[in-house]
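# Descriptive analysis of the structure
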Amino acid sequence: MNIGVISVRYARALLKAAIGAKLEDTVYQEMMVLAKSYIDVPRLRFTIDNPMLPKEKKRELLAVALGGKPSQLSLKFISLVLREDRESVLQFMAHSYITLYRQQKNIIRGKLTTAVAVSEATEQRMRKMVESKTKGTVEFETEVNPDILGGFVLEYDTYRLDASVQNQLRQVLTQLKK
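The following paragraphs examine the structure supplied in this document. (Residues numbered from 1 in each chain as written. Predicted model: local features only at pLDDT ≥ 70, side-chain atom pairs only at ≥ 80, totals over all residues. Heavy atoms only, no water.)

### Some points on the side chain of Gln-91
Tracing the backbone through its elements, the reader meets Gln-91 in helix 6 (residues 90-105). What makes Gln-91 buried here is its relative accessible area of 16%. A polar contact is formed between the side chain of Gln-91 and the side chain of Arg-45, at a distance of 3.2 Å. Among all residues touching Gln-91, those that are not within four sequence positions of it are Tyr-38 and Arg-45. (Helix = DSSP H or I, 4+ residues; strand = E, 2+ residues; numbered from the N terminus. Buried < 20%, exposed > 50% of the residue type's maximum accessible area, 1.4 Å probe, protein only. Polar contact = N/O pair within 3.5 Å; in protein donor to acceptor, adjacent residues only side chain to side chain. Contact = heavy atoms within 4.5 Å.)

Here you go:
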């Protein structure tokens, strides 16, 4: 079995249990925190994968990585993963749960990049536009990148609209070279 199959099976089982317990939103937030913990603390993966570290210490460490006070369901899930010696795949399980949850709830990730910070009203307008096009809920992230000089770059799903001054200048340069 490969990592993808294992992680999706565990994530699907966790989502099913979470829906049954009406904790899917809570577990989603916890899996987001866990996935972020793995990114923010690269040593976490090596520590959890260490066969010399007792399972109880791993359980305590993972409880903290889940946000400090995780739900009983998440704690049971961590115990199951540890008991089955699948902790090396836990990061992928968290990402698989996040993906499955978003599919289940029709949540699309969106990102708006601008040269300067935009108002809350502008961000809301962009979010509403994406939601009307996708017929789903949008988790929106904004980023300020002065390198684009002006305008914006909007990304969601597989769509990318680059209305930045940087892109327009690049196109003009390409035309001049022809």
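### Thoughts on the pairing of strand 4 (residues 159-164)
As judged from the six bridges shared by strand 3 (residues 151-156) and strand 4, these two strands associate in the antiparallel manner. What sits directly across from Glu-155, in strand 4, is Arg-160. In sequence, strand 3 turns back onto strand 4 through a hairpin of two residues, with Asp-157 there showing a positive phi of about 50°. (Pairing = 2+ DSSP bridges.)

### A short note on the packing of aromatic side chains
To describe a pair of aromatic rings, one takes the distance between the centres and the angle between the planes. Under the definition given, this model contains four aromatic pairs. Seen in terms of ring centroids, Tyr-97 and Tyr-101 are 6.3 Å apart; in terms of plane orientation they differ by 20°. Their pairing is stacked. Residue Tyr-97 and its partner Tyr-101 are both found in helix 6; the two are separated by four residues, about one turn of the helix. Overall, the relative accessible area of 0% leaves Tyr-97 in the buried class. On the basis of relative accessibility, which here comes to 6%, the residue Tyr-101 falls in the buried class. (Phe/Tyr/Trp six-rings, centres within 6.5 Å; stacked < 30°, edge-to-face > 60°.)

### Focus on the packing of helix 4 (residues 55-65) against helix 5 (residues 72-83)
A packed helix pair is summarised by two numbers, namely the angle formed by the two axes and the spacing between the axes. Where helix 4 contacts helix 5, the axes come no closer than 10 Å and their chain directions differ by 145°. Here helix 4 runs over helix 5; the crossing is right-handed. Here Lys-55, Lys-58, Arg-59, Leu-62 and Ala-63 of helix 4 come into contact with helix 5, specifically with Leu-75, Ile-78, Ser-79 and Leu-82. Looking at the contact of helix 4 with helix 5, its residues break down into five nonpolar, one polar and three charged. (Axes fitted to C-alpha atoms, helices over the stretch in contact; angles between N-to-C directions. Left-handed = near helix turned anticlockwise from the far one by under 90°. Nonpolar A, V, L, I, M, F, W, Y, C, P; charged D, E, K, R; others polar.)

Read these as geometric descriptors, not functional statements.
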